[in-house]
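Given next are the chains, with one letter for each unit.
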Amino acid sequence: MRNMPDAVMLFAAGFGTRMRPLTDTRPKPLIEVAGRPLLNQALELVDAAGIGRIVVNTHYLGNQIAEHLASRPEISISHEAPEILETGGGLRQALPLLGPGPVFTLNTDYAWTGVNPLAALRSAWDPDRMDALLMLVAPENARAHLGAGDFLIGADGALKRGPGAIYCGVQILKTDGLKEIGENMFSLNLLWDRMLADGRLFGLLHDGLWCDIGRPEGIATAEQMLADADA
């Protein structure tokens, strides 16, 4: 079994409820920001990091995502039907496509500046002491995000729940514990809680800016952030 991740799961199955009416007729990963679909921008990060195996999960309007990816036959699709499985259940269903060992997971509704977060996580990954390594961002470097933060990060990178750094939707995760969860539909928070109890959940602070594109108003904020970075 590999110890370094070389597979990535892109989460693209959600309903995009907060993005309505933009998501009434198309899935959120195909919404354009700065002229490019969010899914394409996520795949650019993956390609730049040189990750060998790519899986995209689908559910809501999944046929549109499948058609969009038709020119990338090396990408596998894990379609969730008849019900959506949430992050944990969706990842567990995709494991035969991802292969054994730790994997990256990446949400497709964020924008980034700075170092490629996937490459940064891989450089900091230590499988001997970590079961997961989450990319976080300091609140002052987050844009269009509502909430008080998710984790407190110690000097050694160990995490505790609490208002502080914000989870950025990208991580390296060992998947062995997924088989121990009885539910079909569940959040990866269940697995994180077990890792927290064992002192095996760690975080890394992103060195650039990050924008949450969870609502329509986040599009303009992200576009301005990206334009400023290119100026």
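Note that the coordinates shown come from a computational prediction; the quantities given were computed from them, not determined experimentally.

## Details of the overall build of the chain
Here comes step 1: Within the chain, the regular secondary structure consists of 6 helices and 14 strands.
Here comes step 2: In terms of its C-alpha atoms, the chain occupies a principal-axis envelope of roughly 45 × 40 × 30 Å.
Here comes step 3: Residues counted as buried form 52% of the 231 residues belonging to the chain.
Here comes step 4: Restricting to contacts in the chain with at least 6 residues of sequence separation, those with at least 24 account for 72%.
Here comes step 5: In the structure as shown, the chain presents an accessible area of about 10,100 Å², 52% of it carried by carbon and sulfur atoms.
Here comes step 6: Separation of charge centres in the chain, based on 19 positive and 28 negative side chains, amounts to 3 Å.

## Looking at unusual backbone geometry
Here comes step 1: Cis rather than trans, the peptide bond between Arg20 and Pro21 has omega equal to 10°.
Here comes step 2: One can find Pro21 in the loop between strand S1 (7–11) and strand S2 (32–33).
Here comes step 3: In this model, Ala81 is joined to Pro82 through a cis peptide bond whose omega is 5°.
Here comes step 4: Topologically, Pro82 is positioned in the loop between strand S5 (76–79) and helix H3 (86–98).
Here comes step 5: The phi dihedral of Ala34 is positive, around 55°, even though this residue is not glycine.
Here comes step 6: According to the relative accessible area criterion, Ala34 is partly exposed, its value standing at 43%.
Here comes step 7: Positive phi outside glycine occurs at Leu61, with the angle close to 50°.

Rules used in this analysis
- Residue numbers run consecutively from 1 along every chain, following the written order of its sequence.
- Per-residue local features of the predicted model are confined to residues with pLDDT of at least 70, and side-chain atom pairs are confined, for both listing and counting, to 80 or more; whole-chain, interface and lining totals are unaffected and use all residues.
- Just so you know, side-chain values use all the structure's heavy atoms and leave hydrogens and water out.
- What counts as a helix is a DSSP run of H or I of at least four residues, what counts as a strand is a run of E of at least two, and both are numbered from the N terminus.
- Between buried and exposed lies partly exposed: a residue is buried under 20% and exposed over 50% of the maximum accessible area for its type, with that area taken using a 1.4 Å probe on protein chains only.
- Any two residues whose heavy atoms approach within 4.5 Å at even a single point are treated as in contact.
- Method for areas: the Shrake-Rupley scheme with a 1.4 Å probe, in which residue coverage is limited to the protein chains shown.
- Positive residues here are Lys and Arg, negative ones are Asp and Glu, while His and the chain termini are left out of the count.
- A charged residue contributes its charge at one atom only: NZ of Lys, CZ of Arg, CG of Asp or CD of Glu.

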